[in-house]
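Now for the letters of each chain:
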Amino acid sequence: MTGSSLTSAPAETLGIDIATARALPKAEVHVHLEGGLALADLLWLAKENGESLPGPAATLFDVSTHTDFEMPEETTGGGDGVGTGGLSGFLRFLDWQCGLVRTPDQAARVAYAFAARQSSSGVRYTDAIVNPTHWHGWRGKEHDLMAAIAAGLAEAEQDGLCVVNLAWSLLRSQTATEAREIVERIVAGPSPRIVALSVDGDEKVAGRTGEKFSEAFTLARDAGLHRTVHAGESSGPEGVWDAVDLLHAERIDHGVRAIEDPALIERLISDGIALGVCPRSNLTLGVYDGWASHPLPALLDAGVLVTLNTDDPEPLGTTLAHDWVETSAHFGWGLDVMAGFAARSIDASFADDSLKAALHADLSETVATARAKQKSTEMAR
Ligand code: ADE
Ligand code: ZN
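Report on the accompanying structure. (Residues numbered from 1 in each chain as written. Chains lettered and ligands numbered in written order. Predicted model: local features only at pLDDT ≥ 70, side-chain atom pairs only at ≥ 80, totals over all residues. Heavy atoms only, no water.)

1. Things to note about the packing of aromatic side chains
Okay, so step 1: The full count for this structure, using the stated rule, is 6 aromatic pairs.
Okay, so step 2: Taken together, a centroid distance of 5.9 Å and an interplanar angle of 75 degrees make the contact between Phe 61 and Phe 93 edge-to-face. Highlighted residues: Phe 61 in the loop between α2 (39-49) and α3 (63-66) and Phe 93 in helix α4 (residues 86-98), separated in sequence by 32 residues. Comparing Phe 61 with Phe 93, the two get one shared label, buried.
Okay, so step 3: Seen in terms of ring centroids, Trp 333 and Phe 341 are 5.3 Å apart; in terms of plane orientation they differ by 35 degrees. Their pairing is tilted.
Okay, so step 4: Each member of the aromatic cluster is reached from another via a ring pair, and the members are Trp 291, Trp 324, Phe 331, Trp 333 and Phe 341.
Okay, so step 5: The side chain of Arg 109 reaches across the aromatic face of Trp 44, ending 3.9 Å from its centre.
Okay, so step 6: The aromatic ring of Phe 341 is capped on one face by Arg 344, whose charged end is 4.6 Å from the ring centroid. (Phe/Tyr/Trp six-rings, centres within 6.5 Å; stacked < 30°, edge-to-face > 60°. Helix = DSSP H or I, 4+ residues; strand = E, 2+ residues; numbered from the N terminus. Buried < 20%, exposed > 50% of the residue type's maximum accessible area, 1.4 Å probe, protein only. Lys NZ or Arg CZ within 6 Å of the ring centre and 35° of its normal.)

This is the structure:
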């Protein structure tokens, strides 16, 4: 990749088409398994469990419905408490739907289906975030849940689908002791496919939690677990500073509001910390008003290691390939810029080195073929 290919492309480029978006070998580094359950999954789960739906099946995923979602019944699910609308309502919807997953077989099946959908977008490796507090039927059995999910992912991989590893995500309202005990248990093993510690949920509702989780993240780092932290979504740059300074974050999930602080941008660049940016999620959940005000091009131009992800593809009604097409069209990015996103996604992922090398080799070949095709099309004109 040349230096210029990593900057915003000139406006005359028209974006990439869906076939190219699918063909580019890539990783997805910011996607929640909770946001990877399809509408059809919810329907068969509800039927199997004899549960009624909180609304008409066909409109269950309407954003206007789930951003002010009220839990249909009292649960012990996740969510960071009292927030209403936007992100908080959305997180309550995830609580409800994950509450439908009750058995190891059901958990394995939704994980398998998730891996298949990732493959449909040409995703070859995924770090999937799982926050067990959303899955409220598994209280006290969180490791069983993770093992069942890992079994579904192992079967998917065996069948030739996307390799998916797991980032165990803390909820911001968990205590320091709970967080430490979770890490100790992960490290004690067996913890198949768990490669990272994460924290997600609504930063605005929970307030700053860096100090509280510092011990757990230090323990994770010292034990060789990767670290990825939601910050700079509903919090400003201060959340990103905490993630970097207190939680040893290797990646920031979202992190877009870092653009408000030039010193922070310098720090992300000098430490090689990648951002898992999800523009559609930001627009849908109201972090930015529209594509024109989204800072992705500014972050890219500044030299931050930005990656392009979905966050919660199913309730947001999208796929990674579709979002790559739409983002490239909105910002006028052609093949070279999007190939840069693919390369950074591989580098920023927690895949092992041999898989990263294989993906880079495949990417180079795919880009060379696509360039040759572009050239011959231009010459034929
Ligand atoms: N969990 C699922 N989606 C999320 C988001 N956009 N922000 C924080 N936590 C989440
Ligand atoms: Zn997220």
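What follows picks up the thread again.
2. Description of the coordination of the zinc ion (ligand 2)
Okay, so step 1: Binding of the zinc ion (ligand 2) to the protein goes through His 30 (NE2), His 32 (NE2), His 230 (NE2) and Asp 311 (OD), at separations of 2.0 to 2.1 Å.
Okay, so step 2: In primary sequence terms, the donor set of the zinc ion (ligand 2) follows H-x1-H-x197-H-x80-D. Of this pair, His 30 sits in strand β1 (residues 26-32) while Asp 311 sits in the loop between β8 (305-308) and α14 (320-331); the two residues are 281 residues apart in sequence, bridging distant segments of the chain.
Okay, so step 3: Relative accessible area serves as the criterion here: at 2%, Asp 311 is assigned to the buried category. (Donors = N, O, S within 2.8 Å, 3.2 Å for Na, K, Ca; no water.)

3. Things to note about the pairing of β1
Okay, so step 1: Along β1, 7 of the 7 residues are buried, which leaves the element largely enclosed by surrounding structure.
Okay, so step 2: Inspection of the sheet shows β1 paired to strand β2 (residues 123-130) by 5 bridges, in the parallel sense. Note on β2: the bridge partner recorded for Ala 27 is Tyr 125. (Pairing = 2+ DSSP bridges.)

4. What to know about the side chain of Glu 314
Okay, so step 1: Within the fold, Glu 314 resides in the loop between β8 and α14.
Okay, so step 2: Glu 314 has contacts with Gly 35, Gly 36, Leu 37, Ala 38, Phe 61 and Arg 117, leaving out every residue within four places of it along the chain. (Contact = heavy atoms within 4.5 Å.)

5. Quick word on the sheet that holds strand β5 (residues 226-231)
Okay, so step 1: In space, the 8 strands of this open sheet follow the order β1-β2-β3-β4-β5-β6-β7-β8, with parallel pairing throughout. Edge strands, defined here as strands with exactly one partner in the open sheet, are β1 and β8. Mean inter-strand twist for the sheet, computed between neighbouring axes without regard to direction, equals 25 degrees.
Okay, so step 2: Relative to β5, strand β4 (residues 194-200) runs parallel, the two being bridged by 4 bridges. Across the sheet, the residue bridging to Val 199 is Val 229, located in β5.
Okay, so step 3: Sheet contacts for helix α7 (residues 176-188): β3 (163-171) and β4; angle to β3, the most-contacted strand, approximately 155 degrees. (Axes fitted to C-alpha atoms, helices over the stretch in contact; angles between N-to-C directions.)

6. Section: the nonpolar core
Okay, so step 1: Ranked by size, the top nonpolar core spans 107 residues in total, and within it Trp 135, Ile 149, Ile 252, Leu 268, Val 306, Trp 324 and Phe 341 carry the most contacts.
Okay, so step 2: Setting aside residues no more than four positions away along its own chain, Val 306 makes contact with Leu 275, Val 277, Leu 296, Leu 299, Leu 300, Phe 341 and Arg 344. (Core = buried A, V, L, I, M, F, W, Y, C linked by side-chain atoms within 4.5 Å.)

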